[in-house]
Amino acid sequence: GSTEIVLMFLALFKNKYLAMTIGPEGFGIYGILLSFFNLMAVFSGAWLATGATKYISEYNSQNKNNDVSKVISFSIGLTTVISIFIMIILICFNEIVLKLFLSKEITYTPYILFTGAFIGNSLRPVFMSIFQGLKQIKMVVIYRIVVSVLEMLAIVVFVYLMGLTGYFFGIFISSLTIIVVFMYLNRKRKIEFSLQIVLIDEITKKLLLFGGINLFLTFINLGGLYIQRKIILSNLDLIAVGYLQAAISIRNYSDIVGRASGFY
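Summary of the structure given here. (Residues numbered from 1 in each chain as written. Predicted model: local features only at pLDDT ≥ 70, side-chain atom pairs only at ≥ 80, totals over all residues. Heavy atoms only, no water.)

## Structural notes on the overall build of the chain
On a plain count of helices and strands, the chain comes out with 11 helices and zero strands. Over its C-alpha trace the chain gives a radius of gyration of 19 Å, about what one expects of a compact globule, namely 18 Å for 264 residues. C-alpha extents for the chain along the principal axes are approximately 55 × 40 × 30 Å. Taking all 264 residues of the chain together, the buried fraction comes to 48%. When the accessible area of the chain is evaluated, it comes to approximately 13500 Å², of which 67% is carbon and sulfur surface. Distance between charge centroids for the chain: 6 Å, based on 21 positive and 12 negative side chains. (Helix = DSSP H or I, 4+ residues; strand = E, 2+ residues; numbered from the N terminus. Rg over C-alpha atoms; globule rule 2.2 N^0.38 Å. Buried < 20%, exposed > 50% of the residue type's maximum accessible area, 1.4 Å probe, protein only. Areas by Shrake-Rupley, 256 points an atom, 1.4 Å probe, with all protein chains shown as cover. Lys, Arg positive; Asp, Glu negative; His and termini not counted. Charge placed at Lys NZ, Arg CZ, Asp CG, Glu CD.)

Okay, here's the thing in structure tokens:
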């Protein structure tokens, strides 16, 4: 609960600063890009996170360290491979994606910076699921706060230096810190894993089955959020999408108790 309060104040400060600098149109560009890339992240690894927490916790409680390592390796490895593949597609077909799925107001620079941040943002829920499955509560708290603070600092500095482009550059930099902070904390916890993916295995079959159901549900949820923004963009403008993004952020801040109890 105290972690959620700290994160809420960090988010309030960051978004107040952004409201005074990039304005509603900047929020609108961010909102439509965020919803689209969140939808893409569903296919890269977000669908594995819940199953990873379940099976890491289960095998860890039974002292099956080899199975725990296998789940972690599979989750990180598969997410990384799929993320790289999707990122290459998004870069190669950037003109088609911008025209069909985003907006003519969104230029190449914020799009390519968001694409560059795709791997780190896809791995973020997987990293969280690993710490949660191992019941490393202290690690979860440190990871969330450190990543959020570094993200806020990067965005504040680069927005001050580069304006709206700096915001997306800050997002790209913060995506790298997601990986760096996890690797640093992992040195202390010494979680054993490799990037070798074993597909034909009883454990990975369970993870894929559980994750497959989660993939469907998450796609429906995030797909709806993306379509919602596209409808508003088509009938109104980017500024309206920006107001929606700000309103959703405020709503999320108010749910401290819900998020804290959900984590517990």
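Having seen the model, we can carry on.
## Brief notes about the pattern of salt bridges
Under the definition given, this model contains two salt bridges. Glu151 is the partner of Lys14 in a salt bridge, and the nearest nitrogen-oxygen pair spans 3.7 Å. Taken together, the residues span a long stretch of sequence, with Lys14 in helix H1 (residues 2-21) and Glu151 in helix H7 (residues 137-162) at a distance of 137 residues. For the pair Lys14 and Glu151, a shared accessibility class is recorded, and that class is buried. The shortest N-O distance in the salt bridge between Lys54 and Glu58 comes to 3.4 Å. Of the two residues, Lys54 and Glu58 both sit in helix H2 (residues 23-61), four residues apart, roughly one turn of that helix. Judged by relative accessible area, Lys54 falls into the partly exposed class, the value being 34%. On the basis of relative accessibility, which here comes to 26%, the residue Glu58 falls in the partly exposed class. (Salt bridge = Lys/Arg side-chain N within 4 Å of Asp/Glu carboxyl O.)

## A short note on the environment of Ile173
With respect to the helices, strands and loops of the structure, Ile173 is situated in helix H8 (residues 164-189). Here Ile173 falls in the partly exposed class, since its relative accessible area comes to 25%. Sequence separation between Ile173 and Ala117 is 56 residues, and the spatial gap between their C-alpha atoms is 7.7 Å. Excluding residues within four positions of it along the chain, Ile173 makes contact with Ala154 and Phe158. (Contact = heavy atoms within 4.5 Å.)

## Quick word on the packing of aromatic side chains
Enumeration according to the criterion identifies 18 aromatic pairs in this entry. Geometrically, the ring pair formed by Phe36 and Tyr226 is tilted, given 6.0 Å between the ring centres and 55 degrees between the ring planes. Placement of Phe36 in helix H2 and of Tyr226 in helix H9 (residues 202-235) is noted, with a sequence separation of 190 residues between them. Each member of the pair Phe36 and Tyr226 is classed as buried. What links up through ring pairs into an aromatic cluster is the set Tyr30, Phe36, Phe37, Phe101, Tyr111, Phe114, Phe118, Tyr167, Phe168 and Tyr226. Against the face of Tyr55 rests Lys54, its NZ or CZ located 4.9 Å from the ring centre. (Phe/Tyr/Trp six-rings, centres within 6.5 Å; stacked < 30°, edge-to-face > 60°. Lys NZ or Arg CZ within 6 Å of the ring centre and 35° of its normal.)

## Brief notes about the packing of helix H3 (residues 65-92) against helix H6 (residues 118-133)
Contact pair H3 / H6: the axes reach a minimum separation of 9 Å and the direction vectors enclose 165 degrees. By the criterion of interaxial angle, the relationship of H3 to H6 is roughly antiparallel. In the packing of H3 onto H6, the handedness of the crossing is right-handed. Counting all contacts with H3, which are made through Ile72, Ser75, Ile76, Thr79, Thr80, Ser83, Ile84, Ile86 and Met87, the residues of H6 involved are Phe118, Ile119, Ser122, Leu123, Val126, Phe127 and Ile130. Tallied by class, the residues present in the contact of H3 with H6 amount to 11 nonpolar, five polar and no charged. (Axes fitted to C-alpha atoms, helices over the stretch in contact; angles between N-to-C directions. Parallel < 35°, antiparallel > 145°, perpendicular 65-115°, else oblique. Left-handed = near helix turned anticlockwise from the far one by under 90°. Nonpolar A, V, L, I, M, F, W, Y, C, P; charged D, E, K, R; others polar.)

## Quick notes on the side chain of Ser175
Residue position: Ser175 is located in helix H8. Among the polar contacts made by the side chain of Ser175, one reaches the main-chain carbonyl oxygen of Phe172 at a distance of 2.5 Å. Ignoring anything within four residues of it in the chain, the contact list for Ser175 reads Gly116, Ala117, Gly120 and Asn121. (Polar contact = N/O pair within 3.5 Å; in protein donor to acceptor, adjacent residues only side chain to side chain.)

## A short note on unusual backbone geometry
Of note, the phi angle at Asn63 is positive, near 60 degrees, even though the residue is not glycine. Its place among the elements puts Asn63 in the loop between H2 and H3. Positive phi values are uncommon outside glycine, yet Lys135 reaches one of about 60 degrees. By relative accessible area, which is 62% here, Lys135 ends up exposed.

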